[in-house]
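A closer look at the structure
Here is what each chain is made of, one letter per residue.
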Amino acid sequence: ITKRLSELSAINKRLIIVLETKSFEAGEEIVPDYLKTSTYEGGVFVFDNSHKDNQQGQNIKLWNPLVRDRLSALMRALGQRFNSNPYFEGIGLSETAIGQSVTPLSSTQINDYYANLLSVQQQMRNHFPNTLTFQFTNYPRPVLESFIDGLNEMGAGLGGPDVFLEEPGLLYPKSPQGVYNYYPKYSGILPLTPSVMHANYVNTRTDKTGYEPTISELLSFARDTLKANYIFWTRDPDYYQQVLQMLNLN
C-alpha cells in the first residue's frame, strides 16, 4: 500500500482499496492461516459458485465474533496508518451476497453475519474519519433496507460489484426491492460507488440473455441512473482501452 501511494502521489492520483472477504474459485486463500483454527471455526465456509461452472468459493465466517474482531483490528491498523494520507482516497469491503453455503446456515448465523458486517463498517468509519469508506451491496434483497439504513446512519458509502443494465434482481421494483432502487434515494446523502466488472462489459444480464452494452451506456447508467459519485472500471484487456478513450472525452 505504501509503495502504491508513493507511485500515485508522484502523478497526483489517489488510491482506493477494496478488501476481498470472499473468493470465487477453489484454491484462492482469503484468510491468514491462524484464522483456519478451531478458535475461529476454521475461518471460512464453502459455497457453490453457480457463475463459475459450479466451482466452489469461500466466504469468511463473519458470524463468529472473533473473526469480526480480527477484521475490525485490521481496519484499526489501516486507519492509524493511512487515514491522514491525502492520497488514500477510500477503502471498502466486497459484496454482501453471502453465497449458497454447502453446509446450510442457520438464520442466527445469517443475521449475525450482517450485524457483524455493519459492525466492521462502523469500525471503518471510526478509524477512517477523513476517508471514504463503502460497502459493495447487492443481495439478499430482504436485508437490504435495514442494512443500507445502517450504512446511512454511520455515513458509509453504498457501492456494488456490478453495473448490469437489465439485471432483474438488482432492478426489482417491488418489496423487497433490488439494490439499484436505493441509489437515487441516497444520492447526495451517501457516497455512491458502483463498479463495472468483466461480466458487465459482456452482457446486460447475469444469464447473458441481454446484449453487449457500449461503454457509453455503462457510464450513463452508473452516472445518471445510479447517481454514482465514483465508478470503478475493471481493467479488462478487451474493453479497457475503450474506457480510457471515453473518459478522456468526458
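My aim in this report is to walk through the structure given alongside it, one point at a time. (Residues numbered from 1 in each chain as written. Predicted model: local features only at pLDDT ≥ 70, side-chain atom pairs only at ≥ 80, totals over all residues. Heavy atoms only, no water.)

With that settled, consider the pattern of salt bridges. Summed over all chains, the structure comprises eight salt bridges. The shortest N-O distance in the salt bridge between Lys36 and Asp33 comes to 3.3 Å. With relative accessibility at 36%, the residue Lys36 sits in the partly exposed group. Overall, Asp33 belongs to the exposed group, its relative accessible area being 58%. Residue Asp224 pairs with Arg223 through a salt bridge whose shortest N-O separation is 3.0 Å. Its relative accessible area of 36% is what places Asp224 among the partly exposed residues. A residue is classified by how much of its surface remains accessible, and Arg223, at 38% relative accessible area, is partly exposed. Overlapping salt bridges bring together Glu29, Asp33 and Lys36 as one network. (Salt bridge = Lys/Arg side-chain N within 4 Å of Asp/Glu carboxyl O. Buried < 20%, exposed > 50% of the residue type's maximum accessible area, 1.4 Å probe, protein only.)

Moving on to the packing of helix α2 (residues 65-82) against helix α3 (residues 107-127). Their axes nearest at 9 Å, the elements α2 and α3 cross at an angle of 15°. One finds that α2 runs roughly parallel with respect to α3. The two elements α2 and α3 meet at a crossing, and its hand is right-handed. In contact with Pro65, Arg68, Leu71, Ser72, Met75, Arg76, Gly79 and Gln80 of α2, α3 contributes Asn116, Ser119, Val120, Gln123, Met124 and His127. Of the residues assigned to the contact of α2 with α3, the class counts are five nonpolar, seven polar and two charged. (Axes fitted to C-alpha atoms, helices over the stretch in contact; angles between N-to-C directions. Helix = DSSP H or I, 4+ residues; strand = E, 2+ residues; numbered from the N terminus. Parallel < 35°, antiparallel > 145°, perpendicular 65-115°, else oblique. Left-handed = near helix turned anticlockwise from the far one by under 90°. Contact = heavy atoms within 4.5 Å. Nonpolar A, V, L, I, M, F, W, Y, C, P; charged D, E, K, R; others polar.)

Turning our attention to the side chain of Asn203. Topologically, Asn203 is positioned in the loop between α7 (198-202) and α8 (215-225). For Asn203, the side chain forms a polar contact with the main-chain oxygen of Lys208, separated by 3.4 Å. Here the side chain of Asn203 touches Gly210 through a polar contact of 2.9 Å, landing on its backbone nitrogen. Those residues in contact with Asn203 that sit more than four places away from it in its chain are Phe164, Lys208, Thr209, Gly210, Tyr211, Glu212 and Pro213. (Polar contact = N/O pair within 3.5 Å; in protein donor to acceptor, adjacent residues only side chain to side chain.)

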